[in-house]
Amino acid sequence: MMNIGRSHSIRSKRSETGSQSAPKHRFAMSSLRGMQQPELSKKLYKLIKQQNHVIGAYESAGRESQAVASQLSDWGESTEDDALSDLSDKLGVLLAEVAEQEDVFAQNLEDSRGVLKQIRNTEQSVQPSRNHKQKIQDEIQKLKYKEPESTKLVTLEQELVRAEAQSLVAEAQLTNVTRQKFKEAYDVHTAAIIERAEKQILLAQQARRLVSMLDDSPIVPGEERPAFANAEEAREVLNDAEDGLRNWQRSTEPIQSTAGKVGSNAMPSTAESVEANEQAMQVAQERVNAGSVDGTTESVQSSERADPPYPTEQTTA
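To keep things clear, this report deals only with the structure shown in the data block. (Residues numbered from 1 in each chain as written. Predicted model: local features only at pLDDT ≥ 70, side-chain atom pairs only at ≥ 80, totals over all residues. Heavy atoms only, no water.)

**So, the overall build of the chain**
Looking only at helices and strands, the chain has 8 helices and 0 strands in total. Reading the helices (α) and strands (β) of the chain from amino to carboxyl end gives α-α-α-α-α-α-α-α. Scored against the burial criterion, the 317 residues of the chain give a buried share of 37%. Considering only intrachain contacts with a sequence separation of at least 6, the fraction spanning at least 24 residues in the chain is 82%. As presented, the chain carries roughly 19,400 Å² of accessible surface, and 51% of it is formed by carbon and sulfur atoms. (Helix = DSSP H or I, 4+ residues; strand = E, 2+ residues; numbered from the N terminus. Buried < 20%, exposed > 50% of the residue type's maximum accessible area, 1.4 Å probe, protein only. Contact = heavy atoms within 4.5 Å. Areas by Shrake-Rupley, 256 points an atom, 1.4 Å probe, with all protein chains shown as cover.)

**Re the pattern of salt bridges**
Should the charged atoms of two oppositely charged side chains come close, the side chains can pair. Tallied over the full model, the rule gives 13 salt bridges. Linking K181 and E184 is a salt bridge whose minimum nitrogen-to-oxygen distance equals 3.2 Å. Here E184 and K181 lie together in helix α5 (residues 152–212), a separation of 3 residues that amounts to about one turn. For K181, a relative accessible area of 15% translates into the label buried. Across the pair E195 and K199 runs a salt bridge whose closest N-O atoms are separated by 2.9 Å. Placement of both E195 and K199 in helix α5 is noted, with a separation of 4 residues, approximately one turn of the helix. (Salt bridge = Lys/Arg side-chain N within 4 Å of Asp/Glu carboxyl O.)

**Focus: the nonpolar core**
Burial of nonpolar side chains together is a common tendency in soluble globular proteins. L94, L210 and M213 are the most contacted members of the largest nonpolar core, which totals 17 residues. Elements represented by at least two residues in this core include exactly α4 (82–146), α5 and α6 (231–246). Each residue touching L210, except ones within four places of it in the same chain, is listed here: L87, K90, L91, L94, A234, V237 and L238. Within the second largest apolar cluster, 14 residues are counted, among which are I136, V161, A163 and M267. (Core = buried A, V, L, I, M, F, W, Y, C linked by side-chain atoms within 4.5 Å.)

**Observations concerning the side chain of R113**
Relative to the elements of secondary structure, R113 occurs in helix α4. The buried category is assigned to R113, whose relative accessible area is 9%. A polar contact of 3.0 Å, which involves the side chain of R113, links it to the side chain of E110. (Polar contact = N/O pair within 3.5 Å; in protein donor to acceptor, adjacent residues only side chain to side chain.)

**Regarding unusual backbone geometry**
The bulk of non-glycine residues show a negative phi, and the bulk of peptide bonds are trans. Its identity is not glycine, yet E80 carries a phi of approximately 60°, on the positive side. Position of E80 relative to the elements: it lies in the loop between α3 (42–78) and α4. The class of E80 is exposed, set by a relative accessible area of 71%.

**Some details on the packing of aromatic side chains**
Aromatic ring pairs are described here by two measures, namely the spacing of the ring centres and the angle between the planes. Per the stated rule, a full pass over the model turns up 2 aromatic pairs. Here Y58 and F105 contribute two aromatic rings whose centre-to-centre distance is 4.8 Å and whose plane-to-plane angle is 90°, an arrangement assigned as edge-to-face. Here F105 lies in helix α4 and Y58 lies in helix α3, a separation of 47 residues in the sequence. The class for Y58 is partly exposed, based on a relative accessible area of 25%. Take F105: its relative accessible area is 4%, and that puts it in the buried class. Plain terms: the ring middles of F182 and Y186 are 5.2 Å apart, the flat faces sit at 45° to each other, and that makes the pair tilted. Here F182 pairs with Y186, and both are found in helix α5, just 4 residues apart, close to one helical turn. Above the face of the F105 ring, R196 is positioned so that its terminal group lies 4.9 Å from the ring centre. One residue, K199, lies across the ring of W248, its end atom 4.7 Å from the ring centre. (Phe/Tyr/Trp six-rings, centres within 6.5 Å; stacked < 30°, edge-to-face > 60°. Lys NZ or Arg CZ within 6 Å of the ring centre and 35° of its normal.)

**Side note on α4**
Note on helix geometry: an α-helix contains 3.6 residues per turn, so any two residues three or four positions apart are oriented the same way. Helix length check: α4, at 65 residues, gives a terminal C-alpha distance of 94 Å against a target of 96 Å (1.5 Å per residue), a fit within 8%. Its side-chain oxygen placed 3.1 Å from the backbone nitrogen of A83, D81 serves as the N-cap of α4. (Expected span 1.5 Å × (residues − 1).)

**Some words on the packing of α4 against α5**
At their nearest, the axes of α4 and α5 sit 8 Å apart, and the two run at 170° to each other. Taken together, the axes of α4 and α5 lie roughly antiparallel to each other. In terms of residue class, the contact of α4 with α5 is made up of 31 nonpolar, 15 polar and 19 charged. (Axes fitted to C-alpha atoms, helices over the stretch in contact; angles between N-to-C directions. Parallel < 35°, antiparallel > 145°, perpendicular 65-115°, else oblique. Nonpolar A, V, L, I, M, F, W, Y, C, P; charged D, E, K, R; others polar.)

**Comments concerning the environment of G114**
Here G114 shows up in helix α4. Taking the C-alpha atoms as reference points, G114 and K181, 67 residues apart in sequence, are found 9.9 Å from one another.

**A few points about the side chain of K199**
With a relative accessible area of 12%, K199 lands in the buried category. Residues within four places of K199 in sequence aside, it is in contact with Q101, L245 and W248.

What follows is the structure, encoded as structure tokens:
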């Protein structure tokens, strides 16, 4: 909530604040971690990292705008114009509150960013299952070329069935988490944009009321300007601004989710882990038997072999 109710002047905060506040947290070993990201999560990692810079920019803009609001008040006081001094100080209060909304917006963006991290973490957890399956497929292809009659092929194809089942479960979890958390993250993000806009519009409208109170009629040399007669009305503007923020209500409805109840395994709550794993094993076995999984399109006894995807003695001699 805004600070208008505690002070109708931004000048009274000088001794309290002293210098500008230091930048917030935002420290991270991002450059090092970025080099170690699995291939699957690299793009989202970059997005999340860039969002961190954006959030920092909004926080910085808020701090700089706070400083500008204070400087506006200081300048108005130095003019020795009673009307200008009073109005610039109160305008500084409102502009400082506009700047405060940047910080609120940054925090909301941080919440949205945190949701996206859940997708990234899931991507990172899925990568090993993809790598494991690919490794077995490569071993099968290599063995089929070198020792097509090897009994180890049967063992490898059984391992491939298990790896395919694990991959099916992991991929299902990934798509479930990705869709649900994408929706949640940008529900928070877009709602934050609307909140920031509506509150800043409210404050800007009150600020315009203040500016309109300044009589800018020209005078001739030696003429005295009338005393500022709108001091009470100017204070009321700040009260109205505070009431407006206090009574502000979100105008956006939450984006509806059809995810329903999701279990700890990122599957529908009706699908127990054991059932999901059994179903994955069945599908995986059918795929391997049908030769729809790379590396199993040829039977162990097949005499027709494609060129291997790796160097051989014949090709490297």
